[in-house]
Amino acid sequence: MELTAATGEDVPAVADLWEALAAEQRDHGSHLLAAENHQQAQELIAQYVHTGGVAVARQHGRRVGFVMFHVETGLYETDTKRGVVDNLYVVPGARDDGVGSALLDHAEAELRERGAGVLAVEALWDNEGARRLYERRGYDRHRVTFERPAESDTHTKDPD
């Protein structure tokens, strides 16, 4: 396996991999539409490539995975820089070959080099494979998102 920083030439192929990631995430409860967001994803990937925030894994010359990452910036002051792994994807035929770990290694090293004192990654709760990978890598649950349908008669109001 070969792992390199993505270039502009990789952007269309990474966008295709992103679409596959988004489509698979629908099976785990994601509301994100895959094909309908392809162009926006491709534009965002190009921005990440420009800042050195995308790496691509290749096996036998074929792109089999990618990772996107950045150091968080915002309006609020924090006590540490937070490095964020935004997307990590490995095609089904290359899973369990260490590709995901190699991509995560690359992202973590780059984020530490950029001054991150803490690293974060998100996974959908139903995506047990992703959760196992991140837990094996020492990531702990940090934040919980609760969700329910907007129109629901199964909830009750808390008494005042």
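Up top is the structure.
Residues numbered from 1 in each chain as written. Predicted model: local features only at pLDDT ≥ 70, side-chain atom pairs only at ≥ 80, totals over all residues. Heavy atoms only, no water.

Chemist: Give a detailed account of helix α4 (residues 128–136), specifying residues and quantitative values.
Modeler: Within α4, the full set of buried residues consists of A130, L133 and Y134. Here the buried residues of α4 occupy an arc of 90° about the axis, which is enough to place them on one side. Where α4 is buried, its residues meet β4 (82–90), α3 (99–113) and β5 (118–121). Once α4 finishes, G138 follows within two positions and takes phi at roughly 95°, a positive value. (Buried < 20%, exposed > 50% of the residue type's maximum accessible area, 1.4 Å probe, protein only. Helix = DSSP H or I, 4+ residues; strand = E, 2+ residues; numbered from the N terminus. Arc of directions from axis to C-beta. Contact = heavy atoms within 4.5 Å.)

Chemist: An account of the pairing of β4 is needed here, citing residue identities and associated values.
Modeler: In terms of burial, β4 is a largely internal element, seven of the nine residues being buried. Two strands pair when backbone bridges link them, and β4 and β5 are joined in this way by four bridges, in the parallel orientation. By the bridge assignment, R82 is partnered in β5 with V118. For the crossover that starts at β4, traverses α3 and ends in the parallel β5, the hand is right-handed. (Pairing = 2+ DSSP bridges. Right-handed = clockwise from strand over helix to strand, strands pointing away.)

Chemist: Any chance you could break down the side chain of N87 for me, citing the residues and the numbers?
Modeler: As for its placement among the helices and strands, N87 is situated in strand β4. The class of N87 is buried, set by a relative accessible area of 18%. Once residues within four sequence positions are removed from consideration, N87 is found in contact with W18, L21, F66, V67 and M68.

Chemist: Pulling in residues and values, what's your account of the sheet that holds strand β1 (residues 2–5)?
Modeler: The strand order β1-β2-β3-β4-β5 describes an open sheet built from five strands, whose pairing is mixed. Looking along the sheet, the strands with just one partner apiece sit at the ends: β1 and β5. Sheet twist, expressed as the average angle between the axes of neighbouring strands with direction ignored, equals 25°. Bridge count between β1 and strand β2 (residues 54–59): four bridges; the pairing is antiparallel. Residue pairing across strands places L3 opposite A57, the latter belonging to β2. (Axes fitted to C-alpha atoms, helices over the stretch in contact; angles between N-to-C directions.)

Chemist: Can you lay out the environment of L3 for me, pointing to particular residues and giving the numbers?
Modeler: Counting through the fold element by element, L3 comes out in strand β1. What makes L3 partly exposed here is its relative accessible area of 28%. The spatial distance from the C-alpha of L3 to the C-alpha of V64 is 10.0 Å, given a sequence separation of 61 residues.

Chemist: Explain the packing of aromatic side chains residue by residue, including any values.
Modeler: On inspection of all chains with the given rule, the structure shows one aromatic pair. Here the aromatic rings of Y134 and Y139 are separated by 6.0 Å at their centres, their planes lie at 70°, and the arrangement is edge-to-face. The same class applies to Y134 as to Y139, namely buried. Over the aromatic face of W125 sits the side chain of R131, whose NZ or CZ is 3.9 Å from the ring centroid. (Phe/Tyr/Trp six-rings, centres within 6.5 Å; stacked < 30°, edge-to-face > 60°. Lys NZ or Arg CZ within 6 Å of the ring centre and 35° of its normal.)

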